[in-house]
Amino acid sequence: MKSPERITMTGSTNKTILIIPHYNALNDLYRSVKSIGKDENIDLLIIDDGSKLIPDEEYLRDIFSSNGVLSLVNLKQNVGITAALNYGVKYAKDKGYKYIGRLDAGDIVLGPRFSLQEEFLDKNEDYAVVGSWVDFVDTKGHKLFTLKHPIEDKDIKKAIYRYNPFVHPATMIRVESFGIKNLYPNCYPALEDWALFLELSKSWKMYNIPKILLEYEVSENSISTQKRLLQSKSKVKLLMNNYRPNINQTIGLMKNIIILFFPRAILTKVKEIIK
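First, a word on scope: everything that follows refers to the structure included in this document. Residue indices follow the written sequence of each chain, beginning from 1 at its first position. Per-residue local features are limited, in this predicted model, to residues with pLDDT of at least 70; the limit for side-chain atom pairs, both in listing and counting, is 80 or more; totals at the level of whole chains, interfaces and linings are taken over all residues. Excluded from the side-chain calculations are hydrogens and water; all other atoms, namely the structure's heavy atoms, are used.

### Remarks on the nonpolar core
Note the cut-off: Buried Ala, Val, Leu, Ile, Met, Phe, Trp, Tyr and Cys residues that are joined via side-chain atoms within 4.5 Å together make up what is termed a nonpolar core. Any residue under 20% of the maximum accessible area for its type is buried, any over 50% is exposed, and the rest in between are partly exposed; the area is computed with a 1.4 Å probe on protein chains only. Residues count as neighbours in contact if any of their non-hydrogen atoms are within 4.5 Å of one another.
Formed by 38 residues in total, the largest nonpolar core has its most connected members in Ile-100, Val-129, Ile-173 and Phe-197. The residues touching Phe-197, leaving out its near neighbours within four places in the chain, are Val-129, Ile-160, Asn-164, Phe-166, His-168, Thr-171, Ile-173 and Met-206. In terms of nonpolar packing, the next biggest core, distinct from the first, is built from 37 residues, Leu-72, Tyr-99, Tyr-207 and Leu-213 among them.

Next up, the structure:
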């Protein structure tokens, strides 16, 4: 990746940095930044991925009300979500942050999310990832359903071979768990999050806070929608590459093969019905 065109930052004593990748979605970005609670002790790194619509840095600083430093990176060209996130991981390592929080442009933070997640990781040093339950909404803010993923580590590790037991922008990740060289894998297009979590699950524990701490917007412009077929193929590839012959993993693999043939609208409707 080429060096960023610009980065602005100052010193900070916070242990968590929140990473938001951005690409041509200014209103979504501003709405997400506004939702971060003023009592949260976090820094914010916005990585603009070669957008034509460049974020207004002065306005971002005005609306970021939390107790932390806001830094803006403008990449010279569009490199994609995985490369942008890995830039953020390297940044967090270089600056000595302990935790990485995640949020996507368009998603809304609910309650003292980051304080709760940071507190959990502080008290549980053998855990790498902590997520939460999530409300899914349409682009008008109407609630579609609540996704209550498994809470405990043992249940998460069973589920992770069938589906992604985390909503990526609702997670906080221990920087140490990335190790010296580990980053988001780039060999599973549009599925870098699940691939990372599955790899981390082999060495670390994981947890979902049983509270709704994020409002996730289901949009036609999301990666899950625009690159659904590519993502579905990556799911099958990921599960096959990590496959061991047992009932749980066999069910997971077969389920994701079947999902290849169903449009997302139908799957979302099913989730609404069985919520």
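### Considerations on the packing of helix H6 (residues 192–201) against helix H8 (residues 228–241)
For any two helices packed against each other, the geometry comes down to the angle between their axes and how far apart the axes lie. For clarity, the cut-off: What counts as an axis is a line fitted to C-alpha atoms, over the stretch in contact for a helix, and the angles between N-to-C directions run from 0 to 180 degrees. Helix numbering and strand numbering both begin at the N terminus, where a helix is a DSSP run of H or I of at least 4 residues and a strand a DSSP run of E of at least 2. The labels follow the angle: roughly parallel below 35 degrees, roughly antiparallel above 145, roughly perpendicular from 65 to 115, and oblique for the rest. Here a crossing is taken to be left-handed if its near helix is turned anticlockwise relative to the far helix by less than a right angle, and right-handed if that turn runs clockwise.
The geometry of H6 relative to H8 is characterised by a closest axis approach of 10 Å and an angle of 15° between their N-to-C directions. Here H8 runs roughly parallel to H6, going by the angle between their axes. When you trace H6 past H8, the crossing you get is right-handed. For the pair H6 and H8, the contacting residues are Trp-194, Ala-195 and Leu-198 in the first and Lys-235, Leu-238 and Leu-239 in the second.

### Structural notes on the pairing of strand S7 (residues 127–137)
Heads up, the rule is: Strands qualify as paired when DSSP identifies two bridges or more between them.
Of all eleven residues that make up S7, eleven are buried, and the element is covered over most of its length. The sheet contact formed by S7 and strand S10 (residues 205–217) spans ten bridges and is parallel. By the bridge assignment for S10, Asp-135 is matched with Glu-215. Sheet topology places S7 next to strand S9 (residues 172–174); two bridges connect them, and they run antiparallel. By the bridge assignment, Val-130 is partnered in S9 with Met-172. As paired elements, S7 and strand S8 (residues 143–147) share four bridges and run antiparallel to each other. Residue pairing for S8: Val-137 is matched across the bridge by Lys-143. Hairpin connection from S7 to S8: five residues lie between these consecutive antiparallel strands, with Gly-141 at a positive phi of about 85°.

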